[in-house]
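Spelled out from the first residue to the last, the chains are:
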Amino acid sequence: KRKNRFKGDKGIKMNMPIKIGQREKKFLIAGGIIVFLIFAYQFGVWYKNFRASSKEYIETRQITLQKQLNKILQKANIKNNFEAGDAELKELEKGLVSGDTPPIAAAEIQRNLKVMAMSLGIDIKSEKALNSVDSGLYLSIPVEIGFTAPTAKLKDMLYKIKTSPLLLTVPKIKSRVVNVNNPADVFTTLTVEGLIIKKPQQAEGDKKGIKNAP
């Protein structure tokens with residue numbers, strides 16, 4: 001009987017609720033608050049770092065995208081400028097002298113100068129083709145003409161050369177008075193240059209002396 005009573009008393013003690021005093025409750029609440037504050041602080045630090053890294057990543061991506069956009073726009077501008085330059089070059093090349101060789105081109109320039117002179121009543125006394133000059137992609141074809149005319153007609157001749165459909169330039173002018181007592185007329189020697197496209201097979205030999213064109 002004593003044995004059974006002991007077992008019953010033990011069972012009663014095992015099922016009894018644990019009582020927590022006011023002091024223990026305060027410690028538990030304070031501990032919970034401290035744990036919460038630590039967690040909140042760590043979360044705040046993590047969130048702050050996350051925001052900072054996210055902002056830095058976004059700014060870096062924006063800079064990268066802006067650079068890529070600038071490159072695309074630059075390529076587009078280069079392409080547009082190239083196309084515009086190519087169109088302008090093609091338009092300018094319409095003023096090149098026809099002729100595959102310097103002698104033929106020189107003859108073409110001389111014919112045009114004769115037509116200009118005749119329209120002004122100028123008689124060309126002398127003409128000759130000079131050595132061609134390598135100008136990179138082009139060959140410069142100079143010719144020389146000499147004539148006697150009043151200064152007014154000389155001015156008109158120069159204007160006609162300037163406004164010619166051909167790309168003609170006058171790099172050299174020499175003038176002298178024919179009659180000192182009557183200086184109205186002057187004998188003028190003009191060097192007039194035109195351009196032709198240089199072909200790959202045209203070598204330095206093309207720069208040698210050219211016979212007078214007809």
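The preceding data block contains the structure.
Caption draft 1: Quick peek at a nonpolar patch on the surface. A cluster of nonpolar side chains, namely Phe39, Phe43, Trp46, Tyr47 and Phe50, defines an oily patch on the protein surface of about 590 Å² accessible area. With respect to the secondary-structure elements, Phe39 resides in helix α2 (residues 22-92).

Caption draft 2: Region of the structure containing the packing of helix α3 (residues 102-119) against helix α4 (residues 151-162). For the pair α3 and α4, interaxial distance at closest approach is 10 Å and the crossing angle is 140°. One finds that α3 runs oblique with respect to α4. Here α3 runs over α4; the crossing is right-handed. Taking contact as the criterion, the partners of Leu113, Met116, Ala117 and Ser119 in α3 are, on α4, Met157, Lys160 and Ile161. Tallied by class, the residues present in the contact of α3 with α4 amount to five nonpolar, one polar and one charged.

Caption draft 3: Representation of the pairing of strand β5 (residues 185-197) within the structure. With 13 bridges joining them, strand β3 (residues 138-150) and β5 adopt antiparallel strand pairing. Following the sheet pairing, Pro142 is matched in β5 by Glu193. Bridge count between strand β4 (residues 169-177) and β5: seven bridges; the pairing is antiparallel. Counterpart to Lys174 in the pairing with β5 is Thr189.

Caption draft 4: Layout of the nonpolar core. If you look at the biggest cluster of nonpolar residues, it comprises 25 residues, and the most contacted ones within it are Ile109, Leu113, Phe147, Met157, Ile161 and Val192. Secondary-structure elements contributing two or more residues to this core are α3, β1 (124-129), β3, α4 and β5. Residues within four places of Ile161 in sequence aside, it is in contact with Leu113, Met116, Leu168, Val170, Leu190 and Val192.

Quick notes on the rules
- Residues numbered from 1 in each chain as written.
- Predicted model: local features only at pLDDT ≥ 70, side-chain atom pairs only at ≥ 80, totals over all residues.
- Heavy atoms only, no water.
- Patch = residues over 30% accessible without salt bridge, like charges linked within 9 Å, V, L, I, M, F, W, Y side chains within 5 Å.
- Areas by Shrake-Rupley, 256 points an atom, 1.4 Å probe, with all protein chains shown as cover.
- Salt bridge = Lys/Arg side-chain N within 4 Å of Asp/Glu carboxyl O.
- Helix = DSSP H or I, 4+ residues; strand = E, 2+ residues; numbered from the N terminus.
- Axes fitted to C-alpha atoms, helices over the stretch in contact; angles between N-to-C directions.
- Parallel < 35°, antiparallel > 145°, perpendicular 65-115°, else oblique.
- Left-handed = near helix turned anticlockwise from the far one by under 90°.
- Contact = heavy atoms within 4.5 Å.
- Nonpolar A, V, L, I, M, F, W, Y, C, P; charged D, E, K, R; others polar.
- Pairing = 2+ DSSP bridges.
- Core = buried A, V, L, I, M, F, W, Y, C linked by side-chain atoms within 4.5 Å.
- Buried < 20%, exposed > 50% of the residue type's maximum accessible area, 1.4 Å probe, protein only.

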